[in-house]
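The lines below spell out each chain.
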Amino acid sequence: MANADGLRRAVETRAGFITRRLALDLNDELHQAAAPHNATGEMVRAIRVTSGRISPTTWRVDAEVPVIQAATTDRGASPHIIRPRRAKALRFVVDGRVVYARIVHHPGNAPSRWFSDVMSPAGVRRILARFVGR
């Protein structure tokens, strides 16, 4: 029985290490993947990756980016109108100049899949392969 307990503890310790390492590496990968789509810094600051044990035999890693830009850059967006919510005008920079507008007709954008690719089964397997025996 002592050997079984020791083996169980060793497996639990290794599973915890792998889970925490996966969370750290996913966080790094998401930050790198989001960087080209992140003019204001808001999206990268919003990335949250957590890990933990949810039962004696189950560990979990969760990732979220709770800002609208994450979904629209990852999945793409059709043309739409942008209006200010709390001000009279929008403020942004175009070609180094500050521009104000009451309304913007956004042309939309193609999907970049920066989040979907990192979080896909293939993306997670690629990250796990770095530190788990093949």
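Structure: see above.
Quantities reported herein were computed from a predicted structural model and do not represent experimental measurements. (Residues numbered from 1 in each chain as written. Predicted model: local features only at pLDDT ≥ 70, side-chain atom pairs only at ≥ 80, totals over all residues. Heavy atoms only, no water.)

Describe the side chain of asparagine 38, with residues and values.
Here asparagine 38 is to be found in the loop between α1 (2-34) and α2 (42-46). Classification of asparagine 38 as buried rests on a relative accessible area of 16%. In this structure, asparagine 38 is in contact with Met43 and Val44, ignoring residues within four places of it in sequence. (Helix = DSSP H or I, 4+ residues; strand = E, 2+ residues; numbered from the N terminus. Buried < 20%, exposed > 50% of the residue type's maximum accessible area, 1.4 Å probe, protein only. Contact = heavy atoms within 4.5 Å.)

So, the nonpolar core: which residues are in play, and what are the values?
By size, the foremost hydrophobic cluster in this structure holds 19 residues, and its most contacted members are Leu26, Met43, Val65 and Trp114. Those elements that provide at least two residues to this core are α1, α2, α4 (114-119) and α5 (121-129). For this core, the element with the most residues is α1, which contributes six residues. Beyond its immediate sequence surroundings of up to four residues, methionine 43 is in contact with Ala34, His37, Asn38, Val65, Val67, Gln69, Ala70, Thr73 and Trp114. (Core = buried A, V, L, I, M, F, W, Y, C linked by side-chain atoms within 4.5 Å.)

Give me the packing of aromatic side chains: which residues, what numbers.
Scanning the model with the defined rule gives one aromatic pair in all. On the basis of an interplanar angle of 80° and a centroid distance of 5.8 Å, the ring pair of tryptophan 114 and phenylalanine 115 is categorised as edge-to-face. For phenylalanine 115, a relative accessible area of 21% puts it in the partly exposed group. (Phe/Tyr/Trp six-rings, centres within 6.5 Å; stacked < 30°, edge-to-face > 60°.)

How would you explain helix α3 (residues 68-75) if you had to name every residue and give the values?
It helps to recall that an α-helix has 3.6 residues per turn; residues three or four apart then point in one direction. Those residues of α3 lying buried are Ala70, Thr73 and Asp74. All buried residues of α3 lie within an arc of 95° about the axis, which places them on one face of the element. Exposed residues on α3 whose side chains face more than 90 degrees from its buried face are Ile68 and Arg75. Where α3 is buried, its residues touch α2 and α4. Positive backbone phi, approximately 90°, marks glycine 76, located one or two places after α3. (Arc of directions from axis to C-beta.)

How would you sum up a nonpolar patch on the surface? Please name residues and give values.
Together, Val93, Val98 and Tyr100 give the surface a local cluster of nonpolar side chains, amounting to about 310 Å² of exposed area. Examined against the element boundaries, tyrosine 100 turns out to sit in strand β5 (residues 97-101). For tyrosine 100, a relative accessible area of 57% translates into the label exposed. (Patch = residues over 30% accessible without salt bridge, like charges linked within 9 Å, V, L, I, M, F, W, Y side chains within 5 Å. Areas by Shrake-Rupley, 256 points an atom, 1.4 Å probe, with all protein chains shown as cover. Salt bridge = Lys/Arg side-chain N within 4 Å of Asp/Glu carboxyl O.)

Go over the pairing of strand β2 (residues 58-64), please, and point to the residues and values.
Strand direction decides the pairing type here: strand β1 (residues 48-55) and β2, joined by seven bridges, are antiparallel. Considered in β2, the bridge of serine 51 is made with valine 61. Between β1 and β2, which pair antiparallel one after the other, the connecting turn spans two residues. (Pairing = 2+ DSSP bridges.)

Any functional reading would require information that these geometric values do not contain.
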